[in-house]
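Each chain, letter by letter, is given below.
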Amino acid sequence: MYTQAMDIPDVAAKPAGVSRTPDAQDAAFEARIDTDGRIEPQDWMPEAYRKTLVRQISQHAHSEIVGMLPEGNWISRAPSLKRKAILIAKVQDEGGHGLYLYSAAETLGTSRDQMLDALHSGKAKYSSIFNYPTLSWADVGVIGWLVDGAAIMNQIPLCRCSYGPYARAMVRVCKEESFHQRQGYEALLVMMKGSDAQKAMVQDAVNRWWWKCLAMFGPPDADSPNSAQGLRWGIKRIGNDELRQKFVDATVPQAEVLGVTLPDPDLKWNEARQHHDYGQIDWAEFWATVEGDGPCNRERLATRVKAHRDGQWVRDAALAHARKQQQRKNKEAA
Amino acid sequence: MNTPALKEWPLWEVFVRSKQGLEHKHCGSLHAADAAQALHMARDVYTRRQEGVSIWVVPSAAITASNPDDKGELFDPAADKIYRHPTFYAIPDEVGHM
């Protein structure tokens with residue numbers, strides 16, 4: 001995605017006075033943001049804007065990659081060949097999304113290795129939702145319906161992000177994400193037409209995931225110090241609370257069609273607000289999971305690190321092979 | 001076991017022709033050890049849903065780009081040459097479509 005590795009003429013080599021002063025650069029950047037313009041990798045940008053984007057895009061990429069694990073657990077146990085093929089395709093998509101996003105982050109001057117190191121050392125965060133276990137097959141359906149549904153709510157506004165490569169990556173991601181949500185919902189519909197045990201399994205999965213999905217939108221705007229700056233820069237387009245409300249309003253009728261209850265006694269339509277009211281999210285539990293004490297944090301990270309280490313010889317071998325081929329070509333040419 | 005000489009796979013830019021008759025369009029980038037692997041991976045990463053009939057991969061380092069700071073001097077001169085557009089010329093209505 002318009003890499004940083006491209007050969008751009010050295011700015012320092014230009015005659016003095018041609019290069020713009022820092023103030024002028026800053027003003028040009030702000031003016032472009034004010035007119036809802038896009039920023040591209042080679043454009044000047046404030047350090048804080050760059051840092052915020054690297055953090056957000058790399059966290060997003062890590063979430064896609066770690067997100068392969070909870071569902072990957074069910075590939076070998078999918079109830080039919082059809083469901084297995086669908087799940088493999090979905091998990092492969094998540095891997096692809098991670099790759100689009102790593103590429104987008106790299107345009108900001110960070111390297112793939114740096115980002116992976118940050119993930120593997122526990123320094124970088126990923127979405128907390130993946131630190132909960134997938135206990136039954138219904139969890140796979142609920143992840144598609146609710147987790148991916150919440151992710152879509154979050155991601156659609158990012159297609160208009162002020163940073164070009166991120167926005168373009170998100171357009172690709174969102175196109176594919178719709179399949180993820182629909183396959184999950186459809187799998188649940190099938191289970192809800194099944195035995196009482198299957199219906200109970202779906203309800204149990206919904207009960208366990210519902211509140212975690214609401215927390216996915218992040219803390220209330222009032223407690224989210226980065227939110228305002230992100231909105232100002234056009235990195236974020238819609239606040240956490242508004243997105244969460246949209247998700248609740250969209251999900252309630254879907255739950256009715258499915259025939260499940262959302263586990264919130266306070267959830268009801270508010271005629272005056274023209275929105276659903278909902279209960280209190282357990283933020284203490286959310287933050288404990290973010291800080292590393294969720295049920296699966298250690299397991300997820302360990303699985304990720306092991307996969308990376310186990311693959312090291314493949315990466316080395318591919319590079320060694322490429323070098324050997326190149327040397328042979330050079331020799332033949334000489 | 002880790003030889004220090006071995007590091008990250010180089011970066012490649014990926015261009016995909018979505019259908020016969022259309023141009024190749026830039027769609028993203030990826031890391032790969034060599035061109036053959038870059039093609040193979042581009043297929044998996046960027047064409048999982050029949051998005052293409054042909055792929056180009058180009059080493060990112062081989063691309064020379066214009067400098068954004070030069071945007072003004074490169075592209076602004078075209079702004080006052082409106083006579084390069086067909087709409088600059090008034091043609092009587094009775095001539096019809098031209």
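Residues numbered from 1 in each chain as written. Chains lettered and ligands numbered in written order. Predicted model: local features only at pLDDT ≥ 70, side-chain atom pairs only at ≥ 80, totals over all residues. Heavy atoms only, no water.

A.B. asks: Could you clarify how one ought to interpret the overall build of chain B in this entry?
C.D. replies: If you tally the helices and strands in chain B, you get two helices and three strands. Counting helices and strands in the order they occur from the N terminus, chain B gives β-β-α-β-α. Since a compact globule built from 98 residues should have a radius of gyration of about 13 Å, the 22 Å found for chain B marks it as more spread out than a globular shape. The dimensions of chain B, computed from C-alpha atoms along their principal axes, are 80 × 35 × 15 Å. For chain B, with 98 residues in total, the buried portion stands at 29%. Sequence-distant contacts in chain B: of pairs separated by 6 or more residues, those separated by 24 or more amount to 42%. For chain B, the exposed area adds up to about 6,800 Å²; of that, 59% sits on carbon and sulfur atoms. Charge-centre separation for chain B: the mean point of 10 positive side chains lies 9 Å from the mean point of 13 negative side chains. (Helix = DSSP H or I, 4+ residues; strand = E, 2+ residues; numbered from the N terminus. Rg over C-alpha atoms; globule rule 2.2 N^0.38 Å. Buried < 20%, exposed > 50% of the residue type's maximum accessible area, 1.4 Å probe, protein only. Contact = heavy atoms within 4.5 Å. Areas by Shrake-Rupley, 256 points an atom, 1.4 Å probe, with all protein chains shown as cover. Lys, Arg positive; Asp, Glu negative; His and termini not counted. Charge placed at Lys NZ, Arg CZ, Asp CG, Glu CD.)

A.B. asks: What should I look at first to understand the packing of aromatic side chains in this one?
C.D. replies: To describe a pair of aromatic rings, you give the distance between the ring centres and the angle between the ring planes. Residues and elements named next belong to chain A. Per the counting criterion, the structure on display carries 14 aromatic pairs over all chains. With centroids separated by 6.3 Å and ring planes inclined at 85°, the aromatic side chains of F29 and W44 adopt a geometry described as edge-to-face. A residue pair is termed long-range when its members are at least 10 positions apart, and F29 in helix α1 (residues 22-34) and W44 in the loop between α1 and α2 (47-66) qualify at 15 residues. On the accessibility criterion, W44 (33% relative accessible area) is partly exposed. (Phe/Tyr/Trp six-rings, centres within 6.5 Å; stacked < 30°, edge-to-face > 60°.)

A.B. asks: Sorry, what's going on with the interface of chain A and chain B here?
C.D. replies: Interfaces are frequently sized by the accessible area removed from exposure as the parts join. With 39 residues of chain A at the interface, the matching set in chain B holds 36 residues. Both sides of the chain A and chain B interface together cover about 3,000 Å² of buried area, and 51% of this is carbon and sulfur. In this structure, the connection of chain A to chain B is made through four salt bridges. The set of elements that each furnish at least two residues to the side of chain A that touches chain B consists of α4 (81-106), α5 (112-120), α7 (164-192) and α13 (312-333) of chain A. Sort the elements by how many residues they give to the side of chain A that touches chain B and α13 of chain A lands first, with 11 residues. (Buried area = accessible area lost by both parts, 1.4 Å probe. Salt bridge = Lys/Arg side-chain N within 4 Å of Asp/Glu carboxyl O.)

A.B. asks: What is the right way to look at the pattern of salt bridges in this model?
C.D. replies: Between side chains of opposite charge, a pair can form as their charged atoms come close. Residues and elements named next belong to chain A. Using the criterion set out here, one finds 26 salt bridges over all chains in the structure. Its salt-bridge partner being E299, residue R300 comes within 3.9 Å of it at the nearest N-O pair. A relative accessible area of 3% places R300 in the buried class. With relative accessibility at 45%, the residue E299 sits in the partly exposed group.

A.B. asks: Looking at this structure, I do not really get the confidence of the model for chain B. What am I missing?
C.D. replies: Caution applies to low-pLDDT regions: their predicted coordinates should not be interpreted in detail. Mean pLDDT over chain B works out to 90, with 94% of the residues at or above the 70 mark. ipTM for the predicted complex: 0.84, alongside a pTM of 0.89. (pLDDT = per-residue confidence, 0-100.)

A.B. asks: What am I meant to see in the packing of α4 of chain A against helix α6 (residues 137-155) of chain A here?
C.D. replies: How two helices pack is summed up by the angle between their axes together with the distance between the axes. All names here are of chain A. Interaxial distance between α4 and α6 falls to 13 Å at its minimum, and their mutual angle equals 45°. Compared by their axis directions, α4 and α6 come out oblique. The two elements α4 and α6 meet at a crossing, and its hand is left-handed. Between α4, through R83, L87, K90 and E94, and α6, the contact on the second element is made entirely by W137, V140, G144 and D148. Of the residues that constitute the contact of α4 with α6, the class distribution is three nonpolar, one polar and four charged. (Axes fitted to C-alpha atoms, helices over the stretch in contact; angles between N-to-C directions. Parallel < 35°, antiparallel > 145°, perpendicular 65-115°, else oblique. Left-handed = near helix turned anticlockwise from the far one by under 90°. Nonpolar A, V, L, I, M, F, W, Y, C, P; charged D, E, K, R; others polar.)

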